[in-house]
Amino acid sequence: FNIENSLQKFLPYGDRLTVTTKVLRGNVNTRIQKLCDGEYDAIILAFAGIERLASSNESKAEIAPLLSDLDFMILPLSTFPSAASQGALAIEILKDRNDCGELEKKLIGIHHSRTANQVAEERKLFQSYGGGCHLAVGINAQEKKGKLIVHQRGSFQNKVIKKSKIINLKRNSPPNGLIFIGVSNNTSDLDQGQFLYDQIIEKGPLPIKSDQVKNSDKFYITTRHAIASLKHIGTIKNTWAAGVKTMEMMAKEGLWVRGSSDAMGEDEVKKFSNSKLLKLLDQNFSENNWKVLTNSKGTSELGEVIPAYQRKIKVGKEAFINSIKKTSVFYWTSFFQYETYCKLFPDISNKTHCCGLGKTFEQFINENIEVIPFSGMLEFKNWIGKEHNYE
């Protein structure tokens, strides 16, 4: 269900395509061989499983020739969550044994409590749908910055399931008043009298010189505002996105995007830097050749920063300024945005501030500023009780 309904948006010029699925059986090597033989245009496999094969010399020797002419895309878990508890290893032992508890002590030594907590949450939600091996709902729990985030996507009883949530995070009800969402919107100043969009920070592309990049570089695109600068580079292959929406917009521009940090910060893509699997798929893949396309004042711990767009502060319309002063809840897309607005409108520093769990959240925490985190815009709009398409 998720593949047929969502994959199209992540493929270059996907609006011209129709995605259909069919059964694929056999071991991993057999499945990849069927792709190479032209039985499928693409196949979807568990990353962890192929990574394990690429980590063993024996299995690596078998799988490497099959992967040599293939490209890859790592699908974001927020949109394509795995089956509940997929890949988790559980060991069962007899309750009544004559070993004085020695086996249990040894197993405790390899027990991974974080994985156990994630699996427990996934299984609880799985059972809430009645369970069963044919359940068409992906459920994935992952820990980020001390928060347990759960994504649910699929179909159940003819209803579309689309939920993302930080588990066990208590939030008060949102205060009444206008709500600011820190994205630009050129269609209207207000949305049904409830939403305000950024009218203060204007973003424009900067050209990238060809001598700033190499064919072996991995390009990490931090925002949709950096996409236009890619056109100055020429043909590029190894592109990655900071978030799902940026990944979708890059696909619309005809780019094959290999993966994203799923709006969870640069560390998410950094995890792939030492992947033995990705090294088989791309011999130039390494941890040291990241190029981060961001704003002209941007910084990054992932790799070399290339200025791809600039930010300018402009004067907002009088109606917008008056509305900002009446706004009670702010969802910031960058810490720079928060600082800019607070300088212009000091009184808003005492209002309710929200953001995602990426770099912006880290900066709020580092500055000891109270902020309410969300797994993304979907959870935020559910919290404020407005089903608008701002994901």
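Residues numbered from 1 in each chain as written. Predicted model: local features only at pLDDT ≥ 70, side-chain atom pairs only at ≥ 80, totals over all residues. Heavy atoms only, no water.

Peer 1: Any chance you could explain the nonpolar core here in plain terms?
Peer 2: Proteins that are soluble and globular tend to have nonpolar side chains buried together. In this structure, Ile208, Phe219, Ile221, Leu230, Ile233, Met250 and Leu293 are the most contacted members of the largest nonpolar core, which totals 26 residues. If you list the elements that add at least two residues to this core, you get β8 (218–221), α7 (244–252) and β12 (304–313). Here Phe219 is in contact with Val213, Lys214, Ile233, Ile236, Asn238, Thr239, Trp240, Lys291 and Leu293, once residues within four sequence places are set aside. Ranked by size, the runner-up nonpolar core spans 25 residues in total, among them Leu67, Ala242, Val269 and Phe285. (Core = buried A, V, L, I, M, F, W, Y, C linked by side-chain atoms within 4.5 Å. Buried < 20%, exposed > 50% of the residue type's maximum accessible area, 1.4 Å probe, protein only. Helix = DSSP H or I, 4+ residues; strand = E, 2+ residues; numbered from the N terminus. Contact = heavy atoms within 4.5 Å.)

Peer 1: Explanation requested: the packing of aromatic side chains in the structure shown.
Peer 2: One pair of aromatic rings is described through two measures. These are the centre distance and the angle between the planes. Overall, the coordinates contain 23 aromatic pairs when judged by the stated rule. On the basis of an interplanar angle of 90° and a centroid distance of 6.4 Å, the ring pair of Tyr220 and Trp290 is categorised as edge-to-face. Remark: Trp290 occurs in strand β11 (residues 290–295) and Tyr220 occurs in strand β8; sequence separation between them is 70 residues. Tyr220 gets classed as buried once you look at its relative accessible area, which sits at 3%. A ring pair is formed by Trp240 and Phe272, whose centres lie 5.9 Å apart and whose planes are at 35°; its orientation type is tilted. Of this pair, Trp240 sits in strand β9 (residues 239–241) while Phe272 sits in the loop between α8 (267–270) and α9 (276–281), and the two are 32 residues apart along the sequence. Each of the two residues, Trp240 as well as Phe272, counts as buried. Stacked on the ring of Phe374, the Lys or Arg Arg171 has its end atom at 4.0 Å from the ring centre. One residue, Lys218, lies across the ring of Phe285, its end atom 4.6 Å from the ring centre. (Phe/Tyr/Trp six-rings, centres within 6.5 Å; stacked < 30°, edge-to-face > 60°. Lys NZ or Arg CZ within 6 Å of the ring centre and 35° of its normal.)

Peer 1: Mind showing me how you'd approach the sheet that holds strand β10 (residues 257–260) here?
Peer 2: In a beta sheet, neighbouring strands pair by backbone hydrogen bonds and run either parallel or antiparallel. On the basis of which strands lie adjacent, the open sheet formed by 6 strands has the order β7-β12-β11-β8-β9-β10 and mixed pairing. Each having just a single partner strand, β7 (201–205) and β10 make up the two edges of the open sheet. With direction set aside, neighbouring strand axes in the sheet form an average angle of 25°. Where β8 meets β9, 3 bridges bridge the pair, whose relative direction is parallel. Within the sheet, the bridge partner assigned to Tyr220 lies in β9 and is Trp240. (Pairing = 2+ DSSP bridges. Axes fitted to C-alpha atoms, helices over the stretch in contact; angles between N-to-C directions.)

Peer 1: Looking at this structure, I do not really get helix α4 (residues 57–67). What am I missing?
Peer 2: Because each turn of an α-helix spans 3.6 residues, side chains separated by three or four positions in sequence point in the same direction. Turning to α4, its buried residues are Ser59, Ile63, Leu66 and Leu67. Angular distribution of buried residues about the axis of α4 spans 85°; they occupy a single face of the element. Among the exposed residues of α4, those pointing more than 90 degrees away from its buried face are Asn57, Glu58, Ala61 and Pro65. In this fold, the buried residues of α4 make contact with α2 (28–36), α3 (47–54) and α9. (Arc of directions from axis to C-beta.)

Peer 1: Could you clarify how one ought to interpret the environment of Ala251 in this entry?
Peer 2: Tracing the backbone shows Ala251 in helix α7. Sequence spacing of Ala251 and Glu122 is 129 residues, and the spatial spacing of their C-alpha atoms is 31 Å. Beyond its immediate sequence surroundings of up to four residues, Ala251 is in contact with Lys9, Phe10, Leu11, Pro12, Tyr13 and Val257.

Peer 1: Would you take a moment to explain the environment of Ala308 for this structure?
Peer 2: Secondary-structure assignment places Ala308 in strand β12. Sequence separation between Ala308 and Leu230 is 78 residues, and the spatial gap between their C-alpha atoms is 8.2 Å. With sequence-adjacent residues up to four places away left out, Ala308 is seen in contact with Gly204, Pro205, Leu206, Ile208, His225, Ala226, Ser229, Leu293 and Thr294.

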